[in-house]
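Spelled out from the first residue to the last, the chains are:
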Amino acid sequence: MTSLTYRDAGVDIEAGDALVEAIKPLARRTDRTGTMGGLGGFGALFDLKAAGFRDPILVSSTDGVGTKLKLAIDSGIHGFVGQDLVAMCVNDLVVQGAEPLFFLDYFATGKLEVAQAASVVGGIAEGCRIAGCALVGGETAEMPGLYRGGDYDLAGFTVGAAERDALLPRPDVGPGDVLLGLASSGVHSNGFSLVRRILEGTNLSLAAPAPFAQGQSVAEALLVPTRIYVKPVLALHKAGLVKAAAHITGGGLPGNLPRVLPDGVVAALDAGAWTLPPVFAWLARHGNVAAEEMLRVFNCGLGMVLVVDPAQAEAATAMLEADGETVFRIGTLEAGEGRAAVRVDGIGAGWPG
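Residues numbered from 1 in each chain as written. Predicted model: local features only at pLDDT ≥ 70, side-chain atom pairs only at ≥ 80, totals over all residues. Heavy atoms only, no water.

Chemist: Kindly report on the overall build of the chain, identifying the contributing residues and their values.
Modeler: Looking only at helices and strands, the chain has 11 helices and 12 strands in total. Taking 353 residues into account, the globule formula puts the C-alpha radius of gyration at 20 Å, and the chain, at 21 Å, falls close to it. At a minimum sequence separation of 6, the contacts of the chain that also span at least 24 residues come to 85%. Roughly 15,700 Å² of accessible area belongs to the chain as shown, and the carbon and sulfur atoms make up 52% of that amount. (Helix = DSSP H or I, 4+ residues; strand = E, 2+ residues; numbered from the N terminus. Rg over C-alpha atoms; globule rule 2.2 N^0.38 Å. Contact = heavy atoms within 4.5 Å. Areas by Shrake-Rupley, 256 points an atom, 1.4 Å probe, with all protein chains shown as cover.)

Chemist: Lay out unusual backbone geometry in plain terms, naming residues and giving numbers.
Modeler: A cis amide bond links L168 to the next residue, P169, at an omega of 0°. For P169, the position within the fold is in the loop between β6 (152–163) and β7 (178–183). Positive phi is not limited to glycine here, since N288 has a value of about 50°. Here N288 shows up in the loop between α9 (278–287) and α10 (291–297). We classify N288 as exposed; its relative accessible area is 71%. Phi at C300 takes a positive value of approximately 55°, unusual for a residue other than glycine. The topology assignment puts C300 in the loop between α10 and β10 (302–308). (Buried < 20%, exposed > 50% of the residue type's maximum accessible area, 1.4 Å probe, protein only.)

Chemist: Give a description of the UniProt feature "domain: PurM-like N-terminal" (unreviewed entry) in the chain that names residues and reports values.
Modeler: Taken from the UniProt record, the annotation "domain: PurM-like N-terminal" (unreviewed entry) applies to residues 58–161. Between the C-alpha atoms that bound residues 58–161 the distance is 4 Å, and the span itself is 38% helix and 35% strand. (UniProt positions renumbered as here; feature names shortened; annotations may be inferred.)

Chemist: An account of the packing of helix α5 (residues 192–200) against α9 is requested, with residue identities and associated values reported.
Modeler: For the pair α5 and α9, the least separation of the axes is 9 Å and the interaxial angle reads 60°. Considered as vectors, α5 and α9 are oriented oblique to each other. Note that α5 runs across α9; the crossing there is left-handed. Facing V195, I198 and L199 of α5, the residues of α9 in contact are W282, L283, H286 and G287. In terms of residue class, the contact of α5 with α9 is made up of 5 nonpolar, 2 polar and no charged. (Axes fitted to C-alpha atoms, helices over the stretch in contact; angles between N-to-C directions. Parallel < 35°, antiparallel > 145°, perpendicular 65-115°, else oblique. Left-handed = near helix turned anticlockwise from the far one by under 90°. Nonpolar A, V, L, I, M, F, W, Y, C, P; charged D, E, K, R; others polar.)

Chemist: Let's hear about the sheet that holds strand β11 (residues 327–335): which residues, and what values?
Modeler: Taken together, the 6 strands give an open sheet; going across it, the order is β8-β10-β7-β11-β9-β12, and neighbouring strands pair in mixed fashion. Two strands close off the open sheet at either side, each with one partner strand: β8 (244–247) and β12 (341–345). With direction set aside, neighbouring strand axes in the sheet form an average angle of 25°. Note that β7 and β10 share 6 bridges and pair antiparallel. By the bridge assignment, A183 is partnered in β10 with L302. Across the sheet, helix α3 (residues 81–94) touches β8 and β10, and the angle it forms with β8 is around 160°. (Pairing = 2+ DSSP bridges.)

Chemist: Go over the UniProt feature "domain: PurM-like C-terminal" (unreviewed entry) in the chain with me, naming the residues and quoting the values.
Modeler: The residues that UniProt annotates with the feature "domain: PurM-like C-terminal" (unreviewed entry) are residues 174–338. Secondary structure within residues 174–338 divides into 33% helix and 19% strand; the distance between the first and last C-alpha atoms comes to 14 Å.

Chemist: How would you sum up the sheet that holds strand β5 (residues 134–142)? Please name residues and give values.
Modeler: Overall, mixed pairing links the 4 strands, which are arranged β3-β6-β4-β5 in an open sheet. The open sheet terminates on both sides in strands that have one partner only, identified here as β3 (56–63) and β5. Looking at each pair of strands side by side, their axes are set apart by 15° on average, direction ignored. As defined by bridge partners, strand β4 (residues 99–109) adjoins β6 across 10 bridges and the pair is classed as antiparallel. Note that in β6 the partner of F103 across the bridge is T158. Packed on one face of the sheet, helix α4 (residues 114–131) meets β4, β5 and β6 and runs near 165° to β4.

Chemist: Go over α9, please, and point to the residues and values.
Modeler: Quick reminder: α-helices carry 3.6 residues per turn. Residues three or four places apart thus point the same way. Listed in full, the buried residues belonging to α9 are V279, F280, A281, W282, L283 and A284. Of the surrounding secondary structure, the elements contacted by the buried residues of α9 are α5, α6 (218–222) and α10. Backbone geometry just after α9 places N288 at a positive phi near 50°.

Listed below in structure tokens is the structure:
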């Protein structure tokens with residue numbers, strides 16, 4: 001009887017070891033104050049006291065990239081989805097006033113291709129560098145029979161900390177406050193099942209020139225990674241200029257902004273107050289997607305919304321712009337009844353675009 005090996009069953013231990021060696025230098029570049037040790041241990045250590053916290057509350061988040069991965073797999077462009085993975089997690093931390101400290105990833109595939117996986121993890125490391133958190137570990141799972149050749153899935157896990165007296169949202173959020181929207185970098189990482197359905201109804205290939213992004217292919221334009229807002233929003237928070245913040249992901253503005261508002265408040269937004277990236281007008285037109293559905297599925301050009309005191313709105317805007325953000329004054333909070341809600345004015349038959 002033939003002696004079987006794990007490789008015969010479809011799992012290559014040597015490939016996994018090669019991947020670990022390939023990503024060790026990437027992880028080292030993300031080291032920050034508080035990290036202890038490196039990759040290879042059974043668990044990662046982090047020293048909160050060394051990181052400067054006096055009375056910390058730990059804040060954690062986990063997320064994935066969704067079916068945007070299908071575009072990466074089909075196009076062979078793997079270097080950006082890792083940043084998406086980090087962004088989806090760390091942007092959820094910063095809206096609670098927390099500083100991301102460390103990040104772990106989970107990469108699952110049917111057959112481990114070292115170059116492909118290293119490209120993905122390289123994007124994760126770049127996302128961690130932008131967010132200022134350490135890539136302290138992760139898991140690579142080779143599972144033949146569960147994934148088809150070339151397919152992979154990602155999950156991310158991050159932990160941050162905030163001083164107990166500095167958590168967001170603040171209790172003084174209320175009518176009269178100003179809403180500032182920070183521009184997104186594109187579709188980010190939600191709504192891609194609808195994006196792909198719309199693409200299927202056109203004659204565009206992923207390699208074709210994008211009609212909504214000059215100088216890029218369809219795949220390149222859609223795979224632009226989710227913007228990471230951690231450093232500018234944390235700086236604004238430390239300056240005492242932000243009362244609340246909402247990460248605009250699945251559910252869009254109507255689904256995410258009320259999560260950080262008190263009952264009895266309506267977020268009154270003006271649809272003409274911010275610039276809508278061309279990709280959203282293209283998706284709405286070619287998918288015949290109603291305005292309300294666009295707002296419910298996509299970020300529609302706003303990846304983060306901040307609640308600020310009206311007397312501090314100009315200072316907050318100037319500070320954010322100095323940090324490289326594109327800022328729109330998109331509305332105000334008004335008195336309402338019942339649970340917090342969003343109202344978007346200025347949507348006509350031609351919106352979006």
